[in-house]
Amino acid sequence: MSARTLDTVRKLLRAVPSALAGGPGGYDVEGKVVVITGAATGIGYALARLLYARGARLALVDIDGRAATAAAAGLGVRAVGIGADVADRADMREAIDRVRERFGGIDVVVANAGIVPKPSSIRLMDPADFDRVLAVNLTGVFNTVHPSLDDIVAARGHVVVVSSCAAFAPGMGGSPYMVSKAGVEQFGRALRVELAASGATAGVAYFGIVDTAMTHETLDDDDMGAELGDLLPWPLNKRISPTEAAASIADGIARRAPRTIAPAGWEPYAMLRGALNVVLDQQLSTDERVRSLTNRLEQRIRAERGRSIDA
């Protein structure tokens, strides 16, 4: 390794603590207008409650408009509920316009809405399931953030895109989710660099397992999903509540953090993933439990399709 390369490496390593700490100065959400998608339940609603308590004015956007309106009413007069599908670009432009009409502008956007696919191998996956997951989880982030960016730049505000530790974990049995969240990660990183000249900031939120209805449906109520979950070692299998996840985002906004990770047990994996994933992919590809699980998953899919044809 040349002296110049060593010097570059040393500079990068010295910059790690400040990069993880956050952006320049703090950010107080009191009086600020915050848009949150997927806000009627789960992490989104927990975040809405927390930011409302900190004085923010909130637009709770959710595909279930009635649930969003009820959630906003439960918070108070500084909150409004809006029904919109993040996968529908025109729908989201209209939703953002409604926020402007109500509050006059936008300071913070949290692109939180997401779905998970039914467990499947790539070989037997319904292409429509793949398309829908990416439409909501990845394109939905673009549809949420893009129409808001002029406001964010004008306000020198902040954007949070919700990725997942699944972005850098093996994706067998649920690849559309992992693919979408890896895309969100790259979107958020690009956005932070691009916004820097304007004084606005962006960050990526990563979560391990959050104890939500989506988690119960995917990992607890599905036998094979539960087996997939059992492959995670401690502390990666630790669950956190929606409130803990929301606190991670809210505190990240307060310091304009480039990224937040919860629970903390995922941090070493995130930092070392370049090396760890090479080893992990090799181990999983030769693990008899994983092979058996994949075979049984495909057998179940074929059986379900056979019953559907018979019906």
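Residues numbered from 1 in each chain as written. Predicted model: local features only at pLDDT ≥ 70, side-chain atom pairs only at ≥ 80, totals over all residues. Heavy atoms only, no water.

> Would you mind showing me how to read the nonpolar core here?
Generally speaking, soluble globular proteins have nonpolar side chains that are buried together. Counting 39 residues, the largest nonpolar core has Val-35, Val-99, Val-145, Val-159, Val-161 and Phe-168 as the members making the most contacts within it. Looking at this core element by element, the count peaks at five residues for helix H4 (residues 89-103). If you look at the next biggest cluster of nonpolar residues, it comprises 32 residues, including Ala-39, Phe-207, Ile-253 and Ala-262. (Core = buried A, V, L, I, M, F, W, Y, C linked by side-chain atoms within 4.5 Å. Buried < 20%, exposed > 50% of the residue type's maximum accessible area, 1.4 Å probe, protein only. Helix = DSSP H or I, 4+ residues; strand = E, 2+ residues; numbered from the N terminus.)

> Any chance you could explain H4 here in plain terms?
In this model H4 runs 21 Å from its N-terminal to its C-terminal C-alpha over 15 residues, within 8% of the 21 Å that 1.5 Å per residue would give. When we look at burial in H4, the residues that qualify are Met-92, Ala-95, Ile-96, Val-99 and Phe-103. Taken down its axis, H4 places every buried residue within 95° of arc, on the same side. Elements in contact with the buried residues of H4: strand S1 (33-37), strand S2 (57-62), strand S3 (79-83) and helix H6 (139-145). Measuring from the side-chain oxygen of the N-cap residue of H4 to the backbone nitrogen of Ala-90 gives 3.1 Å; that N-cap residue is Asp-88. (Expected span 1.5 Å × (residues − 1). Arc of directions from axis to C-beta. Contact = heavy atoms within 4.5 Å. Polar contact = N/O pair within 3.5 Å; in protein donor to acceptor, adjacent residues only side chain to side chain.)

> How should I be thinking about the packing of aromatic side chains in this particular structure?
Within a pair of aromatic rings, the relevant descriptors are the distance that separates the centres and the angle that separates the planes. This model, assessed by the stated rule, comprises five aromatic pairs. Relative to Phe-187, the ring of Phe-142 lies with its centre 6.4 Å away and its plane at 80°, an arrangement referred to as edge-to-face. Here Phe-142 is found in helix H6, whereas its partner Phe-187 is found in helix H8 (residues 175-195), with 45 residues between them in sequence. A relative accessible area of 30% places Phe-142 in the partly exposed class. Arranged with centres 5.8 Å apart and planes meeting at 50°, the rings of Phe-168 and Tyr-206 form a pair that is tilted. In this pair, Phe-168 sits in the loop between strand S5 (158-162) and H8 while Tyr-206 sits in strand S6 (residues 201-207), placing the two residues 38 residues apart along the sequence. Take Phe-168: its relative accessible area is 3%, and that puts it in the buried class. Members of the aromatic cluster, joined through ring pairs, are Phe-168, Tyr-206, Trp-266 and Tyr-269. Of note, Lys-32 hangs over the ring of Tyr-27, and the distance from its end group to the ring centre comes to 5.2 Å. Against the face of Tyr-52 rests Arg-78, its NZ or CZ located 3.8 Å from the ring centre. (Phe/Tyr/Trp six-rings, centres within 6.5 Å; stacked < 30°, edge-to-face > 60°. Lys NZ or Arg CZ within 6 Å of the ring centre and 35° of its normal.)

> When you look at the pattern of salt bridges in this model, what are you seeing that I'm missing?
Opposite charge on two side chains lets them pair, provided their charged atoms get close. In the structure shown here, the tally under the stated rule is 12 salt bridges. As a salt-bridge pair, Asp-251 and Arg-54 come within 2.9 Å of each other at their nearest N and O atoms. One end of the pair, Asp-251, is in helix H11 (residues 242-254); the other, Arg-54, is in the loop between helix H2 (42-53) and S2, and 197 residues separate them in sequence. Here Asp-251 falls in the partly exposed class, since its relative accessible area comes to 36%. (Salt bridge = Lys/Arg side-chain N within 4 Å of Asp/Glu carboxyl O.)

> So what exactly am I meant to see when it comes to the confidence of the model for the protein here?
A low pLDDT score tells you not to read the predicted coordinates there in detail. Mean pLDDT for the protein: 89, with 85% of residues reaching 70 or above. A low-confidence stretch, residues 8-15 stays under pLDDT 50, and its non-local contacts, those more than four residues away or across chains, total zero contacts. (pLDDT = per-residue confidence, 0-100.)

> What is the right way to read the environment of Ala-190 from this model?
As for its placement among the helices and strands, Ala-190 is situated in helix H8. Separated by 12 residues in sequence, Ala-190 and Ala-202 have C-alpha atoms that sit 9.0 Å apart.

> Any chance you could explain the packing of H2 against H11 here in plain terms?
When two helices pack together, their arrangement is given by the angle between the helix axes and by the axis-to-axis distance. Axis separation between H2 and H11 bottoms out at 8 Å; the angle between their running directions is 55°. With respect to each other, H2 and H11 are oriented oblique. Viewed along their axes, H2 and H11 form a crossing whose handedness is right-handed. Every residue of H11 that contacts H2 at Gly-42, Ile-43, Ala-46, Leu-47, Arg-49, Leu-50 and Leu-51 is listed here: Pro-242, Thr-243, Ala-245, Ala-246, Ala-247, Ile-249, Ala-250 and Ile-253. (Axes fitted to C-alpha atoms, helices over the stretch in contact; angles between N-to-C directions. Parallel < 35°, antiparallel > 145°, perpendicular 65-115°, else oblique. Left-handed = near helix turned anticlockwise from the far one by under 90°.)

> Got a minute to help me understand H11 in this structure?
It helps to recall that an α-helix has 3.6 residues per turn; residues three or four apart then point in one direction. Between the first and last C-alpha of H11 there are 18 Å, a value that for 13 residues agrees with the 18 Å anticipated at 1.5 Å per step. Every buried residue belonging to H11 is among Pro-242, Ala-245, Ala-246, Ser-248, Ile-249, Ala-250, Gly-252 and Ile-253, and all of these are buried. A positive backbone phi angle near 50° is found at Arg-256, which sits one or two residues after H11.

> For this particular structure, what's the right way to read empty space enclosed by the protein?
It is the rolling of a water-molecule-sized probe over the atoms that shows where space remains empty. Within this structure, the stated rule accounts for one cavity of 30 Å³ or more. Each pocket or cavity is described by its volume, and for the largest cavity that value is around 50 Å³. Considering the residues around the largest cavity, the lining is formed by His-158, Val-160, Gly-203, Val-204, Ala-205, Ser-248, Ile-249, Gly-252, Ile-253, Ala-257, Arg-259 and Thr-260. Among the elements of the structure, S5, S6, H11 and strand S9 (259-262) are those that each provide at least two residues to the lining of the largest cavity. Broken down by element, the lining of the largest cavity gets its largest block of residues, four residues, from H11. Looking at the lining of the largest cavity residue by residue, the class counts come to six nonpolar, five polar and one charged. (1 Å grid on protein atoms, 1.4 Å probe; cavity = no way out; pocket = protein on both sides within 12 Å on 5 of 7 lines; lining within 4 Å. Points joined across faces, edges and corners; volume = space filled by probe spheres on them. Nonpolar A, V, L, I, M, F, W, Y, C, P; charged D, E, K, R; others polar.)

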